[in-house]
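# Descriptive structure summary
Single-letter residue listing:
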Amino acid sequence: MKHLIILCAPCGTGKSTVNKIFKSRGLLPDYATLDSDDIDISWLDYKDTEREDQYYTDNLKRALEIAGDKNLLLVSAGMNPINFFEKVTLPDEISDTHFIAMVCSDEEIGKRLKARPAERNCGSDEFIQSQIDYSVWFKKNRGKFQKFIDNTGQTPEETAEIIAEYVKNL
């Protein structure tokens, strides 16, 4: 049986950066920590199709294959507890699921997204506003997550340590 932990947050809050710290520092040796880029299943293959929700189940299934015998910490912008259990068929090997939400200030989201390379298509005012709106949603629903982190004013290393400590205590 495996623990499944989903680190969910809007774009620009530092999910991928924290995941890189997990990997480089070995903070969670019993976990495979995977970002959607590690899984290589494209959302665009599912978007606006009849099987759009199947993306989440397929993504999780592939992530578990990559994780092998380890528990799984999955970094995701789109998976959250509000609709996760409606969209995802959990494999029998998952014993429990925990959600960690991460947010930062609106200003920080804007600054981080504008700093990304142009080919990532994250710098438009419309996209930035959509992520700020998503952050507001996370803040309003903070009680629905097992762990909620506002990393405004924290270094990525501090945020990674907070998450690692939470995960180790499960």
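My aim in this report is to walk through the structure given alongside it, one point at a time. (Residues numbered from 1 in each chain as written. Predicted model: local features only at pLDDT ≥ 70, side-chain atom pairs only at ≥ 80, totals over all residues. Heavy atoms only, no water.)

What follows covers the overall build of the protein. For the protein, the count of helices and strands is seven helices and five strands. If you list the helices and strands of the protein from N to C, you get β-α-β-α-α-β-α-β-α-α-β-α. Over its C-alpha trace the protein gives a radius of gyration of 15 Å, about what one expects of a compact globule, namely 15 Å for 170 residues. For the protein, the spread of C-alpha atoms along the three principal axes comes to 40 × 40 × 30 Å. Within the protein, the proportion of its 170 residues that are buried is 45%. Counting only contacts in the protein whose residues sit at least 6 apart along the sequence, the fraction spanning at least 24 positions is 74%. Just so you have it, the protein exposes about 9000 Å², and 46% of that area is on carbon and sulfur atoms. Between the mean site of the 22 positive side-chain charges and the mean site of the 29 negative ones, the protein shows a separation of 4 Å. (Helix = DSSP H or I, 4+ residues; strand = E, 2+ residues; numbered from the N terminus. Rg over C-alpha atoms; globule rule 2.2 N^0.38 Å. Buried < 20%, exposed > 50% of the residue type's maximum accessible area, 1.4 Å probe, protein only. Contact = heavy atoms within 4.5 Å. Areas by Shrake-Rupley, 256 points an atom, 1.4 Å probe, with all protein chains shown as cover. Lys, Arg positive; Asp, Glu negative; His and termini not counted. Charge placed at Lys NZ, Arg CZ, Asp CG, Glu CD.)

Right, let's talk about the pattern of salt bridges for a bit. All chains considered together, the criterion is met by nine salt bridges. Of the charged contacts, one joins Lys111 and Glu108 as a salt bridge, the two residues approaching to 3.6 Å between their closest N and O atoms. Of this pair, Lys111 and Glu108 both sit in helix 5 (residues 106–115), separated by three residues, roughly a single helical turn. Arg112 serves as the salt-bridge partner of Glu108, at 3.0 Å between the closest nitrogen and oxygen. On the criterion of helical spacing, the pair formed by Glu108 and Arg112 is a turn pair, its members being four residues apart in helix 5. Ionic contacts of the salt-bridge type, sharing partners, join the residues Glu108, Lys111 and Arg112 into one network. (Salt bridge = Lys/Arg side-chain N within 4 Å of Asp/Glu carboxyl O.)

Here the focus is the packing of aromatic side chains. Within the structure shown, the criterion is met by twelve aromatic pairs. Taking the centre distance of 5.2 Å and the plane angle of 75° together, the rings of Trp43 and Tyr55 count as edge-to-face. Of this pair, Trp43 sits in the loop between helix 2 (36–39) and helix 3 (54–67) while Tyr55 sits in helix 3, placing them twelve residues apart in sequence. Among the residues examined, Trp43 registers a relative accessible area of 28% and is labelled partly exposed. (Phe/Tyr/Trp six-rings, centres within 6.5 Å; stacked < 30°, edge-to-face > 60°.)

Moving on to the environment of Ile162. Looking at where Ile162 falls in the secondary structure, it is placed in helix 7 (residues 156–168). Ile162 sits in the partly exposed class, given a relative accessible area of 30%. Sequence separation between Ile162 and Glu107 is 55 residues, and the spatial gap between their C-alpha atoms is 22 Å. Those residues within four positions of Ile162 in sequence are excluded, and the remaining contacts are Lys147, Ile149 and Gln154.

Leu60, Leu72, Leu74, Phe84 and Phe138 are the most contacted members of the largest nonpolar core, which totals 27 residues. Elements with a minimum of two residues in this core: strand 1 (2–8), strand 2 (31–35), helix 3, strand 3 (71–76), strand 4 (94–103) and helix 6 (125–140). A per-element tally of this core places helix 3 first, with six residues. Discounting residues that sit within four places of it in the chain, Phe138 has contacts with Cys8, Ala9, Pro10, Ala101, Val103, Phe145 and Phe148. Residues Leu7, Ile21, Tyr31 and Val167 belong to the second largest nonpolar core, which totals 19 residues. (Core = buried A, V, L, I, M, F, W, Y, C linked by side-chain atoms within 4.5 Å.)

Attention shifts here to the sheet that holds strand 3. The sheet built from five strands is open, its strands ordered 2-3-1-4-5 with parallel pairing. Whereas interior strands pair on both sides, the edge strands pair on one side only; in this sheet they are strand 2 and strand 5 (147–150). The sheet shows a mean angle of 20° between the axes of neighbouring strands, direction not considered. For strand 1 and strand 3, the ladder comprises five bridges, and the chain directions are parallel. Counted as the bridge partner of Cys8 is Ser76 from strand 3. Against the sheet, helix 1 (residues 15–25) engages strand 1, strand 2, strand 3 and strand 4, with an angle of about 150° to strand 2. Seen against the sheet, helix 7 touches strand 1, strand 2, strand 3, strand 4 and strand 5 and runs at an angle of roughly 155° to strand 4. (Pairing = 2+ DSSP bridges. Axes fitted to C-alpha atoms, helices over the stretch in contact; angles between N-to-C directions.)

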